[in-house]
Amino acid sequence: MISLIATRILSAIPVMGVVALIVFFMLRLSGDPAAILAGDTASSEQVDRIRVSLGLTKPLYEQFFGWIVQLLRFDLGTSLFTGLPVTTLIAQRIEPTAMLALTTIIFSVLVAVPMGVLAAWKSGGWIDRLVMVVCVLGFSVPVFVMGYFLIFNFAITLRWFPVQGYTSPFTDFGRFLTQITLPTLTLSFIYIALIARITRASVIEVLGEDYIRTARAKGQIELKVLFRHALKNAAVPIVTVIGLGVALLIGGVVVTESVYNIPGLGRLVVDAITRRDYPIIQGLILFFALIYVVLNLIIDIVYTLVDPRIRY
Amino acid sequence: MSAPAVTLPAARLTGLFPFLNRYPLVAIAGIVLSAIMLAAVLAPFMFTRDPTAIMPLQRLKPASELSWLGTDHLGRDVWSRLVYGARVSVLVGLSVAALSIGLGLVIGLVAGYIRWLDAIVMRVMDGLMAIPGILLAIALVSVSGASLMTVIIAIMVPEIPRVVRLVRSVVLTVREEPYVEAAVSVGTKLPLILIRHILPNCIPPLIVQATYVCASAMLTEAILSFLGAGTPPSIPSWGNMVAEGRLLFQIAPWNLLWPGVALAVTILSVNVLGDGLRDRLDPKLAKRM
């Protein structure tokens, strides 16, 4: 078992290595990295200074390994605009993003899984069709359109929720809840579509199995058959999609934070784009990729621990 | 799945019309998409004005006979911008779909068939997939400057791994088939095996995938423009319209409403069309979804 987990962890390292390689070469393939990092208004002396300070005059492989060593020390470079280390900026902004992601995942799973199970149970019926319509809509309506739709109806017209803003749950939990509701609903839409669809498909597949017939034959109540016997056995693809969907979630977070003016990592990205603060973009790509890889790694390991059928 | 079994063979035999009859939604989606594409191509003849003409006196006017959908904060006609904006969405959607499918197909075929390349290519794809698509696109646009071409490439790159994985999975199953082994045993050259025996198996799932890539590319273009890392603001695009409209959306909600509706309807139609094609071309996948 331990060797199994070790293999999984080891296999994640090359993925992160490739991510680092992509990020490293992206800046260099596009021309002179010093000129990009210095920005449009920099003088040629400033560009030269950056080139020397970043070691861009050294051979490429030396630059790459130097950068990797720097990364392994959790040094993501310094922001050009604020002069602060990127890691510090990430630490400052991580809380709102983490909270939004957490509320979205919890809400989406709570809504989407019963939705998918219900659709699978009444497969072909009107509930199923309704769920499928919600899913297609979820994949089609852009996050910001959803966001402004909710703001217009529930914040401006009905005045149930504030239009925008963020308060930490640790300072004022009630305020946090009213402010996080609309962003959570906005971001959840696509995630619910993703999870409900896969839940429906994998539960339909499981419902045809012998043990379901056995459970029903022995007089088990239908609710238990669905949620204990069927859902449990259909769990692997569902949990996988929840993990893979994190990539989708991160893209959505950037937009949602922008719509609701939430000072999280997404806003950090948007501010970095407008200021052409490349080290921040670079650092955040690495950071989000790491989160994605680690999360999916954890899910993988949990499988092997929980489900005896899975052996890599 | 709920349709009576009798209609199935009939639908398969007689082609398109019975199919559309059975799936009226797919037919509607097809009509809507054709209309949007036609409007994009014929934009100058769609009762439009110059979509970039600034008329300060006409700022933020609601819908009227003069401008059907109102005007924006610079007095530009929303209807004209909407029609010309369709050009960007259609162009981005189609070219990203074509390019990523084309490149992904070549990479997937080669990786799936040549074993030693497989490991390297798939690790690179794993790495690309670990980076959230929108962030990768943002980074690509921000290092290479905003232009429509950059936007298309930036959206295409994150889509490639999904296509490669799909093609590779087909190749891996097909390469063990007796007819491929027979071709190898009579000394058929590798490119010919790939093109004549393996490629045709990849086409149906790829057509379905192309529609999903197209929808997701339109969505990503809008998001990039919305965030200010996409199509240059001088070109009217739905994402740009939303980005500009959101600042004043409490005073002039139509600036946000129409491009939002246009985006949602277009992407919805592409997705419905994709689901329809999937049911027809790739029943195995359809069952799993």
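Cut-off values and rules
Residues numbered from 1 in each chain as written. Chains lettered and ligands numbered in written order. Predicted model: local features only at pLDDT ≥ 70, side-chain atom pairs only at ≥ 80, totals over all residues. Helix = DSSP H or I, 4+ residues; strand = E, 2+ residues; numbered from the N terminus. Buried ≥ 20, exposed ≤ 12 C-beta atoms within 10 Å, placed from the backbone. Contact = placed C-beta atoms within 7 Å. Expected span 1.5 Å × (residues − 1). Core = buried A, V, L, I, M, F, W, Y, C linked by C-beta atoms within 7 Å. Bend = angle between axes of the 7 residues up to and from the residue. pLDDT = per-residue confidence, 0-100. Axes fitted to C-alpha atoms, helices over the stretch in contact; angles between N-to-C directions. Parallel < 35°, antiparallel > 145°, perpendicular 65-115°, else oblique. Nonpolar A, V, L, I, M, F, W, Y, C, P; charged D, E, K, R; others polar.

1. Some points on the overall build of chain B
Here is step 1: Within chain B, the secondary structure is distributed over twelve helices and zero strands.
Here is step 2: When the helices and strands of chain B are read in sequence order from the N terminus, they spell out α-α-α-α-α-α-α-α-α-α-α-α.
Here is step 3: The C-alpha extent of chain B, read off along each of the three principal axes, is 75 × 50 × 30 Å.
Here is step 4: The proportion of buried residues among the 289 residues of chain B is 44%.
Here is step 5: Of the contacts made within chain B by residues no fewer than 6 positions apart, 66% connect residues no fewer than 24 positions apart.

2. Some points on the overall build of chain A
Here is step 1: When you go through chain A residue by residue, the secondary structure sums to 13 helices and zero strands.
Here is step 2: Of the regular secondary structure in chain A, the N- to C-terminal order runs α-α-α-α-α-α-α-α-α-α-α-α-α.
Here is step 3: With 312 residues in all, chain A has 38% of them scored as buried.
Here is step 4: For chain A, contacts bridging at least 24 residues in sequence account for 71% of all contacts bridging at least 6.

3. Considerations on helix H5 (residues 115-130) of chain B
Here is step 1: The end-to-end C-alpha separation of H5(B) is 23 Å, in line with the 22 Å expected for 16 residues at 1.5 Å each.
Here is step 2: Taken together, the buried positions of H5(B) are occupied by Met125(B), Gly127(B), Leu128(B), Met129(B) and Ala130(B).
Here is step 3: Contacts from the buried residues of H5(B) go to helix H1 (2-29) and helix H13 (278-306) of chain A together with helix H7 (148-174) of chain B.

4. Topic: the interface of chain A and chain B
Accessible area lost during the coming together of the parts is what is often quoted as the interface size.
Here is step 1: The interface of chain A with chain B comprises 42 residues on the first partner and 42 residues on the second.
Here is step 2: Contributing elements (two or more residues each) for the side of chain A that touches chain B: H1, helix H6 (126-140), helix H7 (143-157), helix H8 (173-207), helix H11 (235-260), helix H12 (265-274) and H13 of chain A.

5. Examining the environment of Ile212(A)
Residues and elements named next belong to chain A.
Here is step 1: Its place among the elements puts Ile212 in helix H9 (residues 210-217).
Here is step 2: C-beta crowding within 10 Å serves as the criterion here: with 18 such atoms nearby, Ile212 is assigned to the partly exposed category.
Here is step 3: For the pair Ile212 and His229, spaced 17 residues apart in the sequence, the C-alpha separation amounts to 6.7 Å.

6. Some remarks on the nonpolar core
Here is step 1: Ranked by internal contacts, the top residues of the largest apolar core, which has 161 residues, are Ile195(A), Val269(A), Ile285(A), Leu135(B) and Ile138(B).
Here is step 2: Apart from residues lying up to four places away in sequence, Ile285(A) is in contact with Val23(A), Ile131(B), Leu135(B), Leu136(B) and Ala139(B).

7. So, the environment of Thr266(B)
All names here are of chain B.
Here is step 1: The residue Thr266 is located in helix H11 (residues 254-281) in this model.
Here is step 2: When the 26 C-beta atoms within 10 Å are taken as the criterion, Thr266 is described as buried.
Here is step 3: Taking the C-alpha atoms as reference points, Thr266 and Ala210, separated by 56 residues in sequence, lie 15 Å from one another.
Here is step 4: Those residues within four positions of Thr266 in sequence are excluded, and the remaining contacts are Ile36, Ser89 and Met218.

8. Points about H7(A)
Residues and elements named next belong to chain A.
Here is step 1: A rise of 1.5 Å per residue sets the reference length of H7, with its 15 residues, at 21 Å; its end C-alpha atoms lie 20 Å apart and thus fit the reference within 8%.
Here is step 2: The largest bend along H7 measures about 30 degrees and falls at Ile151.
Here is step 3: Those residues of H7 that sit buried are Val143, Phe144, Val145, Met146, Gly147, Tyr148 and Ile151.
Here is step 4: Where H7 terminates, the next one or two residues include Arg159, which has phi positive at roughly 60 degrees.

9. Describing unusual backbone geometry
Glycine aside, residues mostly have negative phi angles, and peptide bonds mostly take the trans form.
Residue and element names in this part refer to chain A.
Here is step 1: For Arg159, which is not glycine, the phi dihedral falls at a positive 60 degrees.
Here is step 2: Among the secondary structure elements, Arg159 is positioned in the loop between H7 and H8.
Here is step 3: On the basis of neighbour counts, which here come to 9 C-beta atoms within 10 Å, the residue Arg159 falls in the exposed class.

10. Let's talk about the confidence of the model for chain A
Here is step 1: Residues with a pLDDT of 70 or more make up 97% of chain A, whose mean pLDDT is 85.
Here is step 2: Averaged pLDDT values over the elements of chain A bottom out at 73 in helix H2 (residues 33-38) of chain A and peak at 92 in helix H5 (residues 86-121) of chain A.

11. Structural notes on the packing of H11(A) against H13(A)
Residues and elements named next belong to chain A.
Here is step 1: Contact pair H11 / H13: the axes reach a minimum separation of 10 Å and the direction vectors enclose 175 degrees. Relative to H13, H11 is oriented roughly antiparallel. Across from Val236, Val239, Thr240, Gly243, Val246, Ala247 and Ile250 in H11, the residues of H13 making contact are Phe288, Tyr292, Leu295, Asn296, Ile299 and Tyr303.
Here is step 2: Taken together, the residues of the contact of H11 with H13 sort by class into ten nonpolar, three polar and no charged.

12. Considerations on the packing of H8(A) against helix H10 (residues 222-233) of chain A
Residue and element names in this part refer to chain A.
Here is step 1: Running from N to C, H8 and H10 cross one another at 110 degrees; their axes reach a closest spacing of 8 Å. In terms of axis orientation, H8 runs roughly perpendicular to H10. Facing H8, whose interface residues are Val203, Val206 and Leu207, H10 presents Ala230, Leu231 and Asn233.
Here is step 2: For the contact of H8 with H10, the residue count by class is five nonpolar, one polar and no charged.

13. Here we look at the environment of Ile251(B)
Residue and element names in this part refer to chain B.
Here is step 1: Within the fold, Ile251 resides in the loop between helix H10 (238-245) and H11.
Here is step 2: Judged by local crowding, Ile251 falls into the exposed class, with 9 C-beta atoms found within 10 Å.
Here is step 3: Ile251 sits 189 residues away from Pro62 along the chain, and the two C-alpha atoms are 9.9 Å apart.

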